[in-house]
Amino acid sequence: MATLEPFFVLAKAVSEGRMSPSEFSLVCLPLYKGYGGPYPSPEHYQAATDLFYVAHDYDSADAEVPDLLNGDQVRLKAADIARRMKILLQ
């Protein structure tokens, strides 16, 4: 069963500045794509998916479009998702 813990750690690390948005994207995108399921609840799945899209929207160079988020926006969105994840993990 998939858990939120790895995603929570990533969200906290980037939101607290312990990981750059680029490093975050490098780890988050393949982690999400290769992560096994199912998630314990739809809320767990949605939180992980929301974090994936933050990473995706920051690192959209593969799609040959400009990045949709800047580093500050990544940190703010990740902090919000980390708060949601913390509640789900309690």
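Our subject in this report is the structure included herewith. As the structure is a computational prediction, the values presented were derived from the model and not from experiment.

**Considerations on the pattern of salt bridges**
Following the criterion strictly, the structure yields 5 salt bridges and no others. Notably, a salt bridge pairs arginine 18 with glutamate 16, separated by 2.9 Å at the nearest N-O pair. Aspartate 72 is the partner of arginine 75 in a salt bridge, and the nearest nitrogen-oxygen pair spans 2.9 Å. Linking arginine 75 with aspartate 72, this pair stays in helix H4 (residues 71-89), spanning 3 residues, or about one helical turn.

**Section: helix H2 (residues 21-34)**
Taking 1.5 Å of rise per residue, 14 residues should cover 20 Å, and H2 covers 20 Å from first to last C-alpha, within 8% of that figure. When we look at burial in H2, the residues that qualify are Pro21, Phe24, Ser25, Cys28, Leu29 and Tyr32. Summarising the axial view, the buried residues of H2 lie within an arc of 115°, below the 170-degree limit, and thus occupy one face. Residues of H2 that are exposed and angled more than 90 degrees away from the buried face: Leu26 and Gly34. Looking at the buried positions of H2, the neighbouring elements they touch are helix H1 (5-15), helix H3 (42-58) and H4.

Thresholds, definitions, all that
Residues numbered from 1 in each chain as written. Predicted model: local features only at pLDDT ≥ 70, side-chain atom pairs only at ≥ 80, totals over all residues. Heavy atoms only, no water. Salt bridge = Lys/Arg side-chain N within 4 Å of Asp/Glu carboxyl O. Helix = DSSP H or I, 4+ residues; strand = E, 2+ residues; numbered from the N terminus. Expected span 1.5 Å × (residues − 1). Buried < 20%, exposed > 50% of the residue type's maximum accessible area, 1.4 Å probe, protein only. Arc of directions from axis to C-beta. Contact = heavy atoms within 4.5 Å.

Read these as layout, nothing more, since geometry by itself doesn't imply function.
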